[in-house]
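Overview (structure and organization)
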Amino acid sequence: MPHLRITDLPASGELPPSLLVDIGQRRTDLALIRGVVDPAALAAVVQRIEARRADLPWVLQESDDRERPQMGLLGSSLTPYNAFPDGPPLPYYLDQADRFRALYAELFEGVDLLGAASAVLSRLGGGRPVVEPVSPDGRAFAPATLRRVPPGKGIPTHVGRWFQETGGFRPLLPQVETSWQLSWFVPLQQGEQGGELVVYDLQYGDPAVPWRERGRVLDDEAIERGWQQEPVLPQPGDLMVFNGGHLYHRVSPVQGSRPRYTFGGFVGLSADHRRLVRWN
Ligand SMILES: O=C(O)CCC(=O)C(=O)O
């Protein structure tokens, strides 16, 4: 049974200016905005990245072992991962953000994916300007990361507002409206099969959320068995924005020979509600 309320629209037409706030305030769940960027241009970016893959500074999510098939990011997210189980320390994160901006300029030369995604986010956010959070020393947070998920791997079940409880998010929280945060991403390439965003009918803060190891580890198998789920598969160049802050979700294992590439992060309102704040 579908439980997700989806708005599916072409980027070339009119877009509802209150959609981000409507998703954040749970009047709807997910927006799929088609054709934000030319898929052929994104395919060329993927070729460029794959050609240089062995030399790129991937931030590995599961283990330091570079030979192990696993999800890797270009740029660091503020979220917990193998090297920093409570999220990265701010100075390291900001260094990675600077490095990411330089790499992005090289790898995406001639394809303004960040600009195109920001323009659509702004249209969905009442025309508010889109900005990055800024650290106390004036350095900008990362606007997004590039994510590579190889065949056989997915992204484990998680929910965005849980990250607000981790150390990495501490410097961010005074700058944003914390009662909601959305996830957004644009696929550059999908695998032959799999790689769907699977959204569960399970909400952050629900006392029924199942845990293992005395509340330390989410019981993703119990969620898989016990809650309704709905898969969504955006195509290269489509922008997906959804209430990943509130609804538990995962990415199903990528199948076939191609890795899945996406570019994205989080978006919400600034604390004064006048700007959209975007980070990863
Ligand atoms: O596919 C992606 O890049 C991330 C999907 C996701 O789990 C999220 O946006 O929170």
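In this report, we go over the structure that sits alongside the text. For clarity, every value in this text was computed on a predicted model and none was experimentally measured.

What counts as what
- For every chain, the first residue of the written sequence is number 1, and numbering continues from 1 onward in sequence order.
- Residue-level local features of this predicted model are given only where pLDDT is at least 70; pairs of side-chain atoms are given and counted only at 80 or more, and the full residue set underlies all totals for whole chains, interfaces and linings.
- Strands are runs of DSSP state E lasting at least two residues, helices are runs of H or I lasting at least four, and both sets are numbered from the N terminus onward.
- To get the radius of gyration, use the C-alpha atoms; to get the globule rule, take the number of residues to the power 0.38 and multiply by 2.2 Å.
- Think of it as a crowd count around each C-beta: if 20 or more other C-beta atoms lie within 10 Å the residue is buried, if 12 or fewer it is exposed, and in between it is partly exposed, with C-beta placed from the backbone throughout.
- Being near a molecule or strand means, for a residue, that its backbone-placed C-beta atom lies within 6 Å of it.
- Any residue that is not Ala, Val, Leu, Ile, Met, Phe, Trp, Tyr, Cys, Pro, Asp, Glu, Lys or Arg is counted as polar, Gly included; the first ten are nonpolar and the last four charged.
- Pairing between strands is defined by DSSP: at least two bridges between them are needed.
- Angular values range over 0 to 180 degrees, each being the angle between N-to-C directions of two axes fitted as lines to C-alpha atoms, with helices fitted over their stretch in contact.
- Note that contacts rest on C-beta atoms placed from the backbone: two residues are in contact if these are within 7 Å.

1. Concerning the overall build of the chain
Assigned secondary structure in the chain consists of five helices and 16 strands. Computed over its C-alpha atoms, the radius of gyration of the chain comes to 18 Å, within 12% of the 19 Å expected for a compact globule of 280 residues. C-alpha atoms of the chain, sized along the principal axes, occupy 45 × 40 × 40 Å. Each of the 280 residues in the chain was classed as buried or not, and the buried ones make up 40%.

2. A short note on the site of the ligand
The environment of the ligand is formed by R147, I155, S183, F185, L197, G244, H249, V251, T262 and G264. Elements supplying a minimum of two residues to the shell around the ligand: β8 (182–189), β14 (247–251) and β15 (260–269). The residue inventory of the shell around the ligand, partitioned by class, reads four nonpolar, five polar and one charged.

3. Re the pairing of β14
Burial analysis of β14 places four of its five residues in the buried class, which makes it a mostly covered element. Pairing analysis gives two bridges linking strand β7 (residues 155–158) to β14, with the strands arranged antiparallel. Bridging from a neighbouring strand, I155 pairs with V251 of β14. Looking at chain direction, strand β9 (residues 197–203) and β14 are connected through four bridges and run antiparallel. Looking at the pairing, V199 lines up with H249 of β14.

4. Observations regarding the environment of G110
In this fold, G110 is placed in the loop between α3 (90–107) and α4 (113–124). When the 7 C-beta atoms within 10 Å are taken as the criterion, G110 is described as exposed.

5. Thoughts on the sheet that holds β14
Strands sit in the order β7-β14-β9-β12 across an open sheet of four strands; the sheet is antiparallel. This sheet does not close on itself; its edge strands, each paired only once, are β7 and β12 (229–232). This sheet shows a mean twist of 20° between the axes of neighbouring strands, independent of strand direction. In this structure, β9 lies alongside β12, joined through four bridges in antiparallel fashion. Within β12, the residue paired with V199 across the bridge is E230.

6. Things to note about the environment of Y204
Along the chain, Y204 falls in the loop between β9 and β10 (211–212). We classify Y204 as partly exposed; it has 17 C-beta atoms within 10 Å. Taking the C-alpha atoms as reference points, Y204 and F266, separated by 62 residues in sequence, lie 16 Å from one another. Beyond its immediate chain neighbours, meaning those up to four positions away, Y204 contacts V159, R161, W162, G245 and H246.

7. Details of unusual backbone geometry
Backbone geometry places R26, a non-glycine residue, at a positive phi of 65°. Looking at the secondary structure, you find R26 in the loop between α1 (19–24) and β2 (30–34). Even without being a glycine, H273 presents a positive backbone phi close to 65°. With respect to the helices and strands, the residue H273 is situated in the loop between β15 and β16 (276–279).

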